[in-house]
Amino acid sequence: MLIAGNWKMFKGPAETGAFCRALRETDLPEDVDVVVCPPYVSLAAAVQALAGTEIGVFAQNVHWELEGPFTGEISAPMLAELGVYGALIAHSERRQFCGETDESARTRTRNALEYGLDVIVCVGETEWEREAGETEAVLRRQLADLEPNDRLVIAYEPVWAIGTGKTATPELAEHAHELIKSLVDVPVLYGGSVKPDNAAELMAQPAVDGALVGGASLDVESFGAICRAASPS
Ligand code: PGA
């Protein structure tokens, strides 16, 4: 089980340090891997505050080139130098607002894995696509040409469930996860309004290997509660 907290554009370095120090003191299950994904400017504070723990620090994005004329971008070696272990790639907000395409997501993913970062690549259909019966086609398109890799995890995040309080039913999540695993056989996280009170039911599905948590990961209590709910023991 892996529980990753996607902080989005929340928490600067000072707040990150305080959160991570509190997280160290929280009761976290040993059989659940825990990751936090702060904004770029807060990564160093998170790495420092979590040093000596098993809690991993991931970035929310990474450029596909190792260096070069890409104003405003951050590369895999820069993240690794900071002690960052991996990166989210192609979150739906980046697809929607920042021009991420299936192709750029693939290039980012391949190159980050090749460089040695762990990757959580995000996929999922919009409400319109689900209603039009296109979920499977969308997932196939987003996952095309991705090869299984020990450092690759996929997050299934139906866009209509992100930040909306509308969670996929456990059955719907299970169905999508089974399809994803049949295409790329790697662990699959569920994301979209995961909260302490719905986490256990979602995590109990056989093809659900953890969660990518947005809003509820910003609070140490609720994030800790989700990690505990995900523990199989
Ligand atoms: P949410 O976000 O948990 O706030 O719905 C999930 C995500 O965007 O990764």
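Structure first, text after, so check above.
How each quantity is defined
- Residues numbered from 1 in each chain as written.
- Predicted model: local features only at pLDDT ≥ 70, side-chain atom pairs only at ≥ 80, totals over all residues.
- Heavy atoms only, no water.
- Phe/Tyr/Trp six-rings, centres within 6.5 Å; stacked < 30°, edge-to-face > 60°.
- Helix = DSSP H or I, 4+ residues; strand = E, 2+ residues; numbered from the N terminus.
- Buried < 20%, exposed > 50% of the residue type's maximum accessible area, 1.4 Å probe, protein only.
- Lys NZ or Arg CZ within 6 Å of the ring centre and 35° of its normal.
- Salt bridge = Lys/Arg side-chain N within 4 Å of Asp/Glu carboxyl O.
- Lys, Arg positive; Asp, Glu negative; His and termini not counted.
- Contact = heavy atoms within 4.5 Å.
- Near = heavy atom within 4 Å.
- Polar contact = N/O pair within 3.5 Å; in protein donor to acceptor, adjacent residues only side chain to side chain.
- Areas by Shrake-Rupley, 256 points an atom, 1.4 Å probe, with all protein chains shown as cover.
- Nonpolar A, V, L, I, M, F, W, Y, C, P; charged D, E, K, R; others polar.
- Axes fitted to C-alpha atoms, helices over the stretch in contact; angles between N-to-C directions.
- Left-handed = near helix turned anticlockwise from the far one by under 90°.
- Core = buried A, V, L, I, M, F, W, Y, C linked by side-chain atoms within 4.5 Å.
- Pairing = 2+ DSSP bridges.
- Right-handed = clockwise from strand over helix to strand, strands pointing away.

Undergrad: Can you tell me about the packing of aromatic side chains, naming the residues and giving the values?
TA: A complete count under the given rule lists two aromatic pairs for this structure. Ring plane angle 55° and centroid distance 6.4 Å describe the contact between Tyr-156 and Tyr-190, whose orientation is recorded as tilted. One end of the pair, Tyr-156, is in strand β6 (residues 152-156); the other, Tyr-190, is in strand β7 (residues 188-191), with 34 residues separating them in the sequence. For Tyr-156, a relative accessible area of 0% puts it in the buried group. Over the face of the ring belonging to Trp-7 we find Lys-11, whose NZ or CZ atom lies 5.7 Å from the ring centre.

Undergrad: A description of the pattern of salt bridges should follow, citing residues and the corresponding values.
TA: Opposite charge on two side chains allows them to pair when their charged atoms are near. Applying the stated criterion across every chain, the model contains ten salt bridges. Taking the shortest distance from any N to any O, the salt bridge between Glu-127 and Lys-166 comes out at 3.0 Å. Here Glu-127 is found in helix α6 (residues 127-131), whereas its partner Lys-166 is found in the loop between β6 and α8 (170-183), with 39 residues between them in sequence. For Glu-127, a relative accessible area of 36% gives the class partly exposed.

Undergrad: Kindly report on the side chain of Glu-129, identifying the contributing residues and their values.
TA: Its place among the elements puts Glu-129 in helix α6. Although Glu-129 lies buried, it forms no salt bridge, and the closest oppositely charged side chain, Arg-141, sits 4.6 Å away as judged by the N-O distance. Residue contacts for Glu-129: discarding those within four places in its chain leaves Glu-134, Thr-135 and Val-138.

Undergrad: Run through the site of the ligand, naming residues and quoting values.
TA: Residues in close proximity to the ligand total 13 residues, the closest being Lys-8, His-91, Glu-157, Gly-163 and Ser-193. One of the side-chain nitrogen or oxygen atoms of Asn-6 is found 3.4 Å away from an oxygen atom of the ligand. In the complex, the protein chains occlude 97% of the 280 Å² of accessible area that the ligand would expose alone. Of the residues belonging to the shell around the ligand, the class tally is four nonpolar, seven polar and two charged.

Undergrad: Account for the packing of helix α7 (residues 135-143) against α8, naming residues and giving values.
TA: α8 packs onto α7 with a crossing angle of 35° between their chain directions and a minimal axis gap of 10 Å. Crossing angle aside, the handedness with which α7 passes α8 is right-handed. Note on element contacts: α8 touches α7 through Ala-176, Leu-179, Ile-180 and Leu-183, opposite Glu-136, Leu-139, Arg-140 and Leu-143. Class assignment for the residues of the contact of α7 with α8 results in six nonpolar, no polar and two charged.

Undergrad: Requested: an account of the nonpolar core, with residues and values cited.
TA: Ranked by internal contacts, the top residues of the largest apolar core, which has 60 residues, are Ile-3, Ile-154 and Tyr-190. Core analysis: the second largest hydrophobic core is formed by twelve residues, Ala-4, Val-35, Phe-58 and Leu-189 among them.

Undergrad: How would you summarise the pairing of β7 if you had to cite specific residues and measurements?
TA: Neither face of β7 is exposed, since Val-188 and Tyr-190 on one face and Leu-189 and Gly-191 on the opposite face are all buried. Here β6 pairs with β7 via three bridges, running parallel. Bridging across to β7, Ile-154 finds its partner in Val-188. Two elements, β7 and strand β8 (residues 210-213), share two bridges in a ladder whose sense is parallel. For Tyr-190, the partnering residue across the bridge sits in β8 and is Ala-211. In this fold, β7 hands off to helix α9 (residues 196-203), which returns the chain to β8; that crossover is right-handed.

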